[in-house]
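Notes for the structure review
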Amino acid sequence: MGIKKKMMELILLTSLLLNFASSKAQAPCYREPPPFCPTCGAGTVTELGGLKAYVTGPPHSKKAVLMISDIYGDEPPIYRSVADKVAGAGFLVVAPDFFHGDAANPSNPKYDKDTWRKNHTTDKGYEDAKPVIAALKAKGVSAVGAAGFCWGGKVAVKLASNQDVQAAVLLHPSNVTEDEIKAVKVPIAVLGAERDNGLPPAQMKRFDEILSAKPKFDHLVKTYPGVCHGWTVRYFVNDTFAVNSAAEAHEDMINWFEKHVKCDK
């Protein structure tokens, strides 16, 4: 890609993020949709396992991370920047469009939340994820981790329960049950927000208790102070605290994958 085109994309990305940042005085959480930018990121968009996917990182890596987004899909610039950050640690990162071009967009007058949820269940997301993993393995990948954000957390925990991946990280997951945590069979990290009505610290403590009773594999349950649901991908770029809190979670995620997603010898 030419330098001029890259510069134009950078200008567009900066403009989108600054406009988004100036729209509210507080952390965004899930109150409003993020900006969408289908051309942003250091990677490329291709087809893999029957899904359109944002792919970034060393193409011949034997280690891969499947990123499963929140309801806003794979096109928000911050989400893609997180994928690029994970790729920088040597992983081939795949962030599919699990919504088939129909990511949630509350700013669209035709968007109906209940209809959208019926059309895009996490059970379907799990079934769609399996061919992507199979396609990665067909390309020579021998170790796969899954990172699930919000909606994607429930998909990732299903993958971890059926040993479809070597390790999983759930970032501010939505609607994950204690029974699903009990069913996990691979190393798992659950990263939660101090201010999350859907996953309060008391529930995080319960997850930790459940996983502590399963000593056969490693686990991490960590609550980040002063942040709310969605903080790892939904933050204002001019808010130093928010940026640093997100970066801490990103580093914890990468460290988890580096520890537990290992190639066959």
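Shown above is the structure to which this text applies.
A quick note: this is a predicted structure, and the numbers were derived from the prediction, not measured.

So, about the overall build of the chain. Per the secondary structure count, the chain includes eight helices and eight strands. Relative to its full complement of 265 residues, the chain shows a buried share of 50%. Here the chain has roughly 12200 Å² of accessible surface; of this, 54% comes from carbon and sulfur atoms.

Attention now goes to helix α8 (residues 240-260). Taking 1.5 Å per residue, 21 residues should reach 30 Å; α8 reaches 30 Å between its end C-alpha atoms and fits that length. Residues Ala242, Ser245, Ala246, Ala249, His250, Asp252, Met253, Ile254, Trp256, Phe257 and His260 constitute the buried set of α8. Among the structural elements, β3 (63-68), α2 (77-87), β5 (143-149), β6 (167-171), β7 (188-195) and β8 (219-228) are those in contact with the buried residues of α8. For α8, the N-terminal cap is Asp239; the gap from its side-chain oxygen to the backbone nitrogen of Phe241 is 3.1 Å.

What follows deals with the sheet that holds β3. As summarised here, the arrangement of the eight strands in space is β1-β2-β4-β3-β5-β6-β7-β8, forming an open sheet in which the pairing is mixed. Both outer strands of the open sheet, β1 (44-48) and β8, are each paired with one neighbouring strand and no more. Here the strands of the sheet are splayed against their neighbours by 25 degrees on average, with no regard to which way each runs. Sheet topology note: the β1/strand β2 (residues 51-56) ladder contains five bridges and is antiparallel. Pairing of Val45 across the sheet is with Tyr54, part of β2. Packing of α2 onto the sheet brings it into contact with β1, β2, β3, β4 (92-96) and β5, and relative to β2 it is tilted by some 55 degrees. Sheet strands in contact with α8 are β3, β5, β6, β7 and β8, and its direction is about 170 degrees off that of β8.

Moving on to the side chain of Ser61. For Ser61, the location among the structural elements is in the loop between β2 and β3. What makes Ser61 buried here is its relative accessible area of 12%. Polar contacts involving the side chain of Ser61 include one to the main-chain carbonyl oxygen of Lys63, which spans 3.0 Å. Of the polar contacts made by the side chain of Ser61, one reaches the backbone oxygen of Gly90; its length is 2.9 Å. Each residue touching Ser61, except ones within four places of it in the same chain, is listed here: Gly90, Phe91, Leu92 and Val141.

Calculation notes
Residues numbered from 1 in each chain as written. Predicted model: local features only at pLDDT ≥ 70, side-chain atom pairs only at ≥ 80, totals over all residues. Heavy atoms only, no water. Helix = DSSP H or I, 4+ residues; strand = E, 2+ residues; numbered from the N terminus. Buried < 20%, exposed > 50% of the residue type's maximum accessible area, 1.4 Å probe, protein only. Areas by Shrake-Rupley, 256 points an atom, 1.4 Å probe, with all protein chains shown as cover. Expected span 1.5 Å × (residues − 1). Contact = heavy atoms within 4.5 Å. Polar contact = N/O pair within 3.5 Å; in protein donor to acceptor, adjacent residues only side chain to side chain. Pairing = 2+ DSSP bridges. Axes fitted to C-alpha atoms, helices over the stretch in contact; angles between N-to-C directions.

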